[in-house]
Amino acid sequence: PPAFQPYRTSYHFQPPKNWINDPNGPMIYKGVYHLLYQYNPKGAVWGNIVWAHSTSTDLVNWTPHVPAIYPSQPSDINGCWSGSTTILPSGEPIILYTGVNPQNQQVQNLATPKNLSDPYLTEWVKSAKNPLMAPTIANQINASSFRDPTTAWLGPDRIWRVLIGSKRNRRGLAILYRSKDFVHWTKSQHPLHSATDTGMWECPDFFPVRINANIGVDTSVIGPHVKHVLKLSLDDTKHDYYTIGTYNLNKDIYVPDKGQVDSDSGLRYDYGKFYASKTFFDSAKNRRILWGWINESSSVEDDIKKGWSGVMAIPRSIWLDKSGKQLVQWPIRELERLRENQVNLPNQVLKGGLALEVSGVTSAQADVEISFSTIELQNAEKLDPSWTNPQALCSKKGASVKGRLGPFGLLALASKGLQERTAVFFRIFKGQDKYVVLMCSDQSRSSLNNGNDKTTYGAFLDVNPSSEELSLRSLIDHSIVESFGGEGKACITARVYPTLAIQNEAHLHVFNNGTENVQITRFSAWSMKKAIIT
Ligand code: FRU
């Protein structure tokens, strides 16, 4: 890789070089956090896939180990693809992963640690019984669409269950297998869940969340105090969407709640770049943590030139919102230890049409929290009933399009004369019977280099601006702007490659490009120290 690397991140996880994709088998074992992930040891594009392995005691600083799983037996000789860890009741971790066999069929394999007293679990032993699950003529499984086993869960009937992502024609499937011993698996007649016209379901994730408490629970927990979440990664659109619903253990089916949209237009973990994500239960801190892969928005030529591709999003705590209708996500608290040199702005009115530069923070490597309240809500623009797609609305009404209440928010990674900037902002509209808040991340002017994908992203935010403040937190890290709106009710992650706004030439502004004034009720920004990720 070249020496000058303006786009490498300082506190988002990435290895020193080469291609990465999905997080695999995240877990905590003997107080050590493990991150395994899809990795090409030979280059900056996808291929030669192994499970690379790093560990941490704080989820912020990471130490690498040798690859945990790499092609070595017929059942995985053409690739060691995604999978998950399950912690057995005995405390032992066990990996299920997808192998690609000599016929290029996708099959499911098992591996266990060689030495359970090693907290780093550097060596893994593959089962002699691999593959444990395989497509056959009898089971009618599509051999090129059968992958990414979830963490397994154990019913009170002492039967293990696991999901494998699949499709039949255009119908997405979460195929269910059951086992008494984790080794002999039988395919259930019916999938746990399926949906029409969604295409291949990659990397399913299925887990319980507590009702009315933002603590996590272990994957096998069932009962009236939890709801279940099914997350699917859509190969066709590269989005992770989820529904909240009910898991019926006796019938072994999952039914999304009424009102939950079971398709790409449903709820997403992140409305920007974020894919193939996976959660795990952190038993040390009773929280569920979400890992996601952020792929590049640059050209393949540029990826090869810089020698790497892909980073991980900041691990996020994830829990059920008090409405019961969506999840909430927040960067793990440990990240705050990297904050230094806090800069505050006093509570003030930000007049329509004004911008305010923030000085005193390393703007290319910062953590920013801002809250707004609005005074003249009744002056909000009317929401056209046809504006149902938030991303399309944000693209149509980017940061430079004047409005009434909004756009207001942050200009991140901005160059001196603002030729480059990534704008993260809100707009408030008057809907039928309530105010509607739109959150946008506008990359259209993020870089003078037009070889990048500069798509604008957007989400509707379930916050009532007449009684609540509108908050935004953005984690800015050289080529990433990872934003959390409404205390984590909507997240948007952007990859950007400024040519001028790099390192000390990056600036940060608060802006209001609406005609109405808004009140800044809170502003704190921190320079971020570099995490130790080797
Ligand atoms: C998702 C995915 C998985 C597969 C892996 C291969 O990004 O395509 O479905 O197991 O990546 O690297």
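This structure is a prediction, so every number in the text was calculated from the model and none was measured.

Describe the overall build of the protein chain, listing the residues and the values that go with them.
For the protein chain, the count of helices and strands is 2 helices and 39 strands. The C-alpha extent of the protein chain, read off along each of the three principal axes, is 70 × 55 × 40 Å. Relative to its full complement of 534 residues, the protein chain shows a buried share of 62%. Intrachain contacts of the protein chain at a sequence separation of at least 6 include 63% that bridge at least 24 residues. Total accessible area on the protein chain is roughly 20400 Å²; 51% of this is exposed by carbon and sulfur atoms. When the 56 basic and 48 acidic side-chain charges of the protein chain are each reduced to a single mean position, those positions are 2 Å apart.

Lay out the site of the ligand with the relevant residues and their values.
In the vicinity of the ligand, the contacting residues are N21, D22, Q38, W46, W81, S82, R147, D148, E202, Y275 and W293. One nitrogen or oxygen atom from the side chain of N21 is found 3.1 Å from an oxygen atom belonging to the ligand. The residue inventory of the shell around the ligand, partitioned by class, reads 4 nonpolar, 3 polar and 4 charged.

I'd like a description of the sheet that holds strand β1 (residues 18–29), backed by residues and values.
Taken together, 5 strands build an open sheet; the order of strands is β4-β3-β2-β1-β22 and the sheet is mixed. Two strands lie at the open edges of the sheet, namely β4 (63–69) and β22 (308–309), each paired on one side alone. As paired strands, strand β3 (residues 50–56) and β4 are joined by 4 bridges and run antiparallel to one another. Looking at the pairing, T55 lines up with T63 of β4.

Describe the sheet that holds strand β5 (residues 80–87), listing the residues and the values that go with them.
Read across the sheet, 4 strands follow the order β5-β6-β7-β8 without closing on themselves; strand pairing throughout is antiparallel. What marks the edges here is a single partner per strand, and that holds for β5 and β8 (124–126). Between one strand and the next, the sheet's axes are offset by a mean angle of 30°, whatever the strand orientation. Note that strand β6 (residues 93–100) and strand β7 (residues 106–113) share 6 bridges and pair antiparallel.

Can you explain the nonpolar core? Please cite residues and give values.
One finds F372, F426, L470, V510 and F523 to be the most contacted residues of the largest nonpolar core, which totals 43 residues. If you look at the next biggest cluster of nonpolar residues, it comprises 37 residues, including I20, Y37, M312 and W319.

Tell me what's going on with empty space enclosed by the protein, and back it up with residues and numbers.
Applying the stated criterion to the full structure yields 3 cavities of 30 Å³ or more. Here the largest cavity defines a volume of roughly 70 Å³. Along the walls of the largest cavity sit 14 residues, with Y11, F13, L59, I314 and P315 positioned nearest its centre. For the lining of the largest cavity, the class distribution of residues is 13 nonpolar, 1 polar and no charged. As for the second largest cavity, its lining consists of P208, V209, R210, I215, G216, V217, R288, I318, W319 and L320. Within the residue set of the lining of the second largest cavity, elements represented by two or more residues are β15 (201–210) and β24 (316–320).

Rules and cut-offs
Residues numbered from 1 in each chain as written. Predicted model: local features only at pLDDT ≥ 70, side-chain atom pairs only at ≥ 80, totals over all residues. Heavy atoms only, no water. Helix = DSSP H or I, 4+ residues; strand = E, 2+ residues; numbered from the N terminus. Buried < 20%, exposed > 50% of the residue type's maximum accessible area, 1.4 Å probe, protein only. Contact = heavy atoms within 4.5 Å. Areas by Shrake-Rupley, 256 points an atom, 1.4 Å probe, with all protein chains shown as cover. Lys, Arg positive; Asp, Glu negative; His and termini not counted. Charge placed at Lys NZ, Arg CZ, Asp CG, Glu CD. Near = heavy atom within 4 Å. Polar contact = N/O pair within 3.5 Å; in protein donor to acceptor, adjacent residues only side chain to side chain. Nonpolar A, V, L, I, M, F, W, Y, C, P; charged D, E, K, R; others polar. Pairing = 2+ DSSP bridges. Axes fitted to C-alpha atoms, helices over the stretch in contact; angles between N-to-C directions. Core = buried A, V, L, I, M, F, W, Y, C linked by side-chain atoms within 4.5 Å. 1 Å grid on protein atoms, 1.4 Å probe; cavity = no way out; pocket = protein on both sides within 12 Å on 5 of 7 lines; lining within 4 Å. Points joined across faces, edges and corners; volume = space filled by probe spheres on them.

Bear in mind that shape data such as this cannot, by itself, settle questions of function.
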